[in-house]
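Structure at a glance
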Amino acid sequence: MVERLGDGPLFCQQSHWQAVYRILVDKGYCRDSDFDGFDTFIRRVMPEEVNKPYKKDSVKQISQTDFVRPFDEWAFDMQTSKTRRPFDRMVTIARRFREILEENEL
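Here the structure is a predicted model, which is why all the values come from computation and not from measurement.

Turning our attention to the nonpolar core. Inside soluble globular proteins, nonpolar side chains tend to come together where they are buried. Counting residues in each nonpolar core, the largest one holds 26 residues, and the members touching the most others are Leu24, Phe38, Ile42 and Trp74. Elements supplying a minimum of two residues to this core: helix 1 (17–26), helix 2 (35–45) and helix 4 (84–103). Leave out the neighbours within four places in its chain, and Phe38 touches Trp17, Val20, Tyr21, Leu24, Cys30, Tyr54 and Val59.

Before going further, it helps to examine unusual backbone geometry. You will see that Ser33, though not glycine, has its phi angle at about 70 degrees, which is positive. Assignment of secondary structure puts Ser33 in the loop between helix 1 and helix 2. Owing to a relative accessible area of 55%, Ser33 belongs among the exposed residues under this scheme. Not every positive phi belongs to a glycine, and Glu105 is a case in point at roughly 55 degrees. Along the polypeptide, Glu105 turns up in the segment after helix 4.

A few words on the confidence of the model for the protein chain. Low-confidence regions, as indicated by low pLDDT, have predicted coordinates that should not be scrutinised in detail. On average, residues of the protein chain score 88 in pLDDT, and 94% of them are at 70 or above. At the level of individual helices and strands, the protein chain shows its lowest average pLDDT in strand 1 (residues 4–5), which scores 83, and its highest in helix 1, which scores 95.

Within a pair of aromatic rings, the relevant descriptors are the distance that separates the centres and the angle that separates the planes. Inspection of every chain in the model, using the stated rule, returns 10 aromatic pairs. Where Phe67 meets Phe87, the ring centres are 5.9 Å apart and the plane angle is 20 degrees; that geometry is what we call stacked. Pair noted here: Phe67 is in the loop between helix 3 (56–60) and helix 4 and Phe87 is in helix 4, with a separation of 20 residues, a long-range link. On the accessibility criterion, Phe87 (5% relative accessible area) is buried. Between Phe71 and Trp74 the ring centres are 4.9 Å apart and the planes differ by 75 degrees, which places this aromatic pair in the edge-to-face class. Here Phe71 matches Trp74 in class, with each residue buried. Among the aromatic residues, those joined into a cluster by ring pairs are Phe11, Trp17, Tyr21, Phe35, Phe38 and Tyr54.

The rules behind the values
Residues numbered from 1 in each chain as written. Predicted model: local features only at pLDDT ≥ 70, side-chain atom pairs only at ≥ 80, totals over all residues. Heavy atoms only, no water. Core = buried A, V, L, I, M, F, W, Y, C linked by side-chain atoms within 4.5 Å. Buried < 20%, exposed > 50% of the residue type's maximum accessible area, 1.4 Å probe, protein only. Helix = DSSP H or I, 4+ residues; strand = E, 2+ residues; numbered from the N terminus. Contact = heavy atoms within 4.5 Å. pLDDT = per-residue confidence, 0-100. Phe/Tyr/Trp six-rings, centres within 6.5 Å; stacked < 30°, edge-to-face > 60°.

Here it is as structure tokens:
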């Protein structure tokens, strides 16, 4: 949550919780489309201070995006992802979160 991208925080929008969700699903910590289970998990382990507080509704919107697929299948598509920068940021967040889990052997 404290990682930076340029002059600002890397994790800075509600939708960025979708990257956390996707990685936790891919690693088997949560089940796909089980937003209530994800909600319970996050509320149990979430740090007290985050750049953008978690809201279940922001994660549920993942079903309307390309980020609903497993992380290794994410690909930029101009027809569904209007601009490259938000897509690249989401990829960076997901990749970094996965690295953090792996560094901690989780």
